Amino acid sequence: MKCFLLLTAVGAGYVLANSSCTQLPAETGPATGAGRYAATSRTTMPDTSGYETAPPRDPNGIARYYLGRQIAHVMGHEGADWLERSGRAKEEGTNLLIKELKLKPTDVVADIGAGTGFFSFQLAQQVPQGRVLAVDIQPEMIAALNQTKAQRNVANVQPVLGRVDDPRLPVDGVDLVLIVDAYHEFDHPREMGRAIRRALRPGTGRLALVEYRAEDADVPIKRIHKMSVAQARKEMAAIGLDFVAVVETLPQQHLLLFRRR
Ligand SMILES: C[S@@+](CC[C@H](N)C(=O)[O-])C[C@H]1O[C@@H](n2cnc3c(N)ncnc32)[C@H](O)[C@@H]1O
């Protein structure tokens, strides 16, 4: 049975209203031969970067694949309320996630794909002598971050308007990069990954990658907005980050930790 992608109005395109249906595979690469796209004039253009261009196998994806994974559409700023929904902390165990990061008070943290700053402002409390660089590519998200910063009078959150291929971080200057539910939307994951590696402090800098568990069909999120451990490890190895651990204490997501080689 094909999956009917019924969206909830507040789900910002993420949520599967009917999670019992079969989900389209998102990490099997573009269709080839007389498969799904046989009726269309299809061109597949592999190159050495790991990117391929082909029609989206999943309608929620863009026509671009990286190391076999289809990249998802960016969640628009219209979905901001979903990021701030009441009940999120319980659903996703966000307090536990922050504890698992084991931050030091002086750490410099980059929250990439920060959105409204759901995490940025909580992280700021953990690093009172450090700072949080809250990076996003949507000016509307940057405006929301600036508004919350002013309303809450928080000095150590610095909103940063990034580019799709560059988070504009200080070289060798970041202790922890946190990416929650955003990496699978990066349309230049290789360039972003390399820039992140350059930003991490050599030897000690860590990346914490949080993505919904692709291996778990009970997590009610569309397949394209999830990632498997194997895929995440493959993509991080490709840009020179060493796998440290995967933490599986969160209700719906993997927390994967990597270190700069
Ligand atoms: C689903 S939201 C998650 C927001 C936040 N991490 C959270 O969990 O509340 C994903 C965010 O990633 C941002 N994003 C997508 N591609 C990006 C990129 N290349 N660099 C920085 N942000 C990006 C989007 O604009 C969006 O705000």
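Scroll up a little and you will see the structure.
What you are looking at is a predicted structure, and each value in this text was computed from that prediction instead of being measured.

A. How the structure looks around the sheet that holds strand β2 (residues 61-66). Taken together, three strands build an open sheet; the order of strands is β1-β2-β3 and the sheet is antiparallel. The outermost strands of the open sheet, each flanked by one partner alone, are β1 (51-53) and β3 (69-72). Within the sheet, the average angular offset between the axes of one strand and its neighbour, ignoring direction, is 40°. Across three bridges, β1 lies against β2 in antiparallel orientation. From the neighbouring strand, E52 faces β2, where its bridge partner is Y65.

B. Structural view of the site of the ligand. The local shell around the ligand holds 23 residues, among which G113, G115, F118, V180 and A182 are the closest. Taken together, the residues of the shell around the ligand sort by class into 16 nonpolar, four polar and three charged.

C. Looking closely at helix α7 (residues 229-238). Taken residue by residue, α7 has A232, E235 and M236 as its buried positions. Angularly, the buried residues of α7 cover 95° about the axis, an arc narrow enough to put them on a single face. Those residues of α7 hidden inside the fold are in contact with α6 (189-199), β8 (206-213), β9 (226-227), β10 (241-247) and β11 (253-260).

D. Here's a closer look at helix α5 (residues 139-152). Taking 1.5 Å of rise per residue, 14 residues should cover 20 Å, and α5 covers 20 Å from first to last C-alpha, within 8% of that figure. The set of residues buried in α5 consists of M141, I142, A144, L145 and K149. Buried residues along α5 cover an arc of 160° about the axis, so they all sit on one side. More than 90 degrees from the buried face of α5, the exposed residues found are P139, A150 and Q151. Contacts from the buried residues of α5 go to α1 (80-83), α4 (120-126), β5 (131-136) and β6 (157-161).

E. Representation of the nonpolar core in the model. Counting residues in each nonpolar core, the largest one holds 51 residues, and the members touching the most others are V109, A110, V177, L178, I179 and L209. In terms of residue count, strand β7 (residues 176-180) provides more of this core than any other element does, five residues in total. Among all residues touching L178, those that are not within four sequence positions of it are L101, V109, D111, F119, L123 and A208.

Calculation rules
- Sequence order sets the numbering: in each chain, residues are counted from 1 along the sequence as written.
- With pLDDT at 70 or above as the cut-off, local features in this predicted model cover only qualifying residues; side-chain atom pairs require 80 or more to be listed or tallied, and sums for whole chains, interfaces and linings still use all residues.
- Paired strands, in this sense, are two strands between which DSSP finds at least two bridges.
- Here a helix means four or more residues in a row that DSSP labels H or I, a strand means two or more in a row labelled E, and each is numbered from the N terminus.
- Where helices are involved, their axes are fitted lines through C-alpha atoms of the stretch in contact, as for all axes, and angles between N-to-C directions lie from 0 to 180°.
- Throughout this description, a residue near a molecule or strand is one whose C-beta atom, derived from the backbone, lies within 6 Å of it.
- Throughout this entry, Asp, Glu, Lys and Arg are counted as charged residues, while Ala, Val, Leu, Ile, Met, Phe, Trp, Tyr, Cys and Pro are counted as nonpolar. The remaining residues, Gly among them, count as polar.
- Here a residue counts as buried when 20 or more other C-beta atoms fall within 10 Å of its C-beta, as exposed when 12 or fewer do, and as partly exposed in between; the C-beta atoms come from the backbone.
- This arc corresponds to the set of directions leading from the helix axis out to the C-beta atoms.
- Any residue pair is listed as a contact if its two C-beta atoms, each placed from the backbone, are within 7 Å.
- In a helix, the anticipated span is given by 1.5 Å times the number of residues less one.
- In plain words, the nonpolar core is the set of buried Ala, Val, Leu, Ile, Met, Phe, Trp, Tyr and Cys residues that C-beta atoms within 7 Å link up.

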